[in-house]
Amino acid sequence: VMEMIEKLVHEANDLKAESKKSESEAQAAYEQTIADTNGSVEALQKEVVDKTAAKAQAEKDKRQAESDLVDTVKELEGLFKYNQRLHKECDYLLKNFDLRQKTRQGEIEALQQ
């Protein structure tokens, strides 16, 4: 009977030691998983911050480009109107060039007489 009790005590001690070892391994694995998860969360949070900043910069650049486009279109419209005015003036001068030349020649002849 004593032998059986000693055997049971020995088996209980072995089971206790094995359970403590298994629990320590499980605890270490859990702590490693938590550390890995925390690292991943931090990396993802940093990535979110970086991408948010990049998006804000891209939106700012887009607004600036749109503003520049509006200004450029207005400037082109102004230049187009200016070009039309100059074209009308030049057309008028070319159209009446011969008439003005004849009139001027007549004035020169009148002055010479």
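Residues numbered from 1 in each chain as written. Predicted model: local features only at pLDDT ≥ 70, side-chain atom pairs only at ≥ 80, totals over all residues. Heavy atoms only, no water.

(A) Structural context of the overall build of the chain. Counting its regular elements, the chain contains 2 helices and 0 strands. In terms of overall dimensions, the chain is more spread out than a globule: its C-alpha atoms have a radius of gyration of 47 Å, far above the 13 Å expected for 113 residues. Dimensions along the principal axes, computed over C-alpha positions, put the chain at roughly 160 × 15 × 15 Å. Here the chain, with 113 residues, has 1% of them falling under the buried criterion. Roughly 10900 Å² of accessible area belongs to the chain as shown, and the carbon and sulfur atoms make up 58% of that amount. The chain carries 18 positive and 24 negative side-chain charges, and their two centres are separated by 14 Å. (Helix = DSSP H or I, 4+ residues; strand = E, 2+ residues; numbered from the N terminus. Rg over C-alpha atoms; globule rule 2.2 N^0.38 Å. Buried < 20%, exposed > 50% of the residue type's maximum accessible area, 1.4 Å probe, protein only. Areas by Shrake-Rupley, 256 points an atom, 1.4 Å probe, with all protein chains shown as cover. Lys, Arg positive; Asp, Glu negative; His and termini not counted. Charge placed at Lys NZ, Arg CZ, Asp CG, Glu CD.)

(B) Local environment of the environment of alanine 35. With respect to the helices and strands, the residue alanine 35 is situated in helix 1 (residues 2-95). Classification of alanine 35 as partly exposed rests on a relative accessible area of 43%. For the pair alanine 35 and leucine 99, spaced 64 residues apart in sequence, the C-alpha separation works out to 95 Å.

(C) Layout of the pattern of salt bridges. On inspection of all chains with the given rule, the structure shows 3 salt bridges. With its nearest N and O atoms 3.0 Å apart, the salt bridge here joins lysine 46 to aspartate 50. Within this pair, lysine 46 and its partner aspartate 50 are both found in helix 1, separated by 4 residues, close to a single helical turn. One salt bridge in this structure joins glutamate 66 and lysine 62, with 3.8 Å as the shortest N-O distance. A residue pair is termed a helical-turn pair when its members lie 3 or 4 positions apart in one helix, as glutamate 66 and lysine 62 do in helix 1 at 4 residues. (Salt bridge = Lys/Arg side-chain N within 4 Å of Asp/Glu carboxyl O.)

(D) Quick look at the environment of glutamate 25. Note on placement: glutamate 25 falls in helix 1. With 28 residues separating them along the chain, glutamate 25 and alanine 53 place their C-alpha atoms 42 Å apart.

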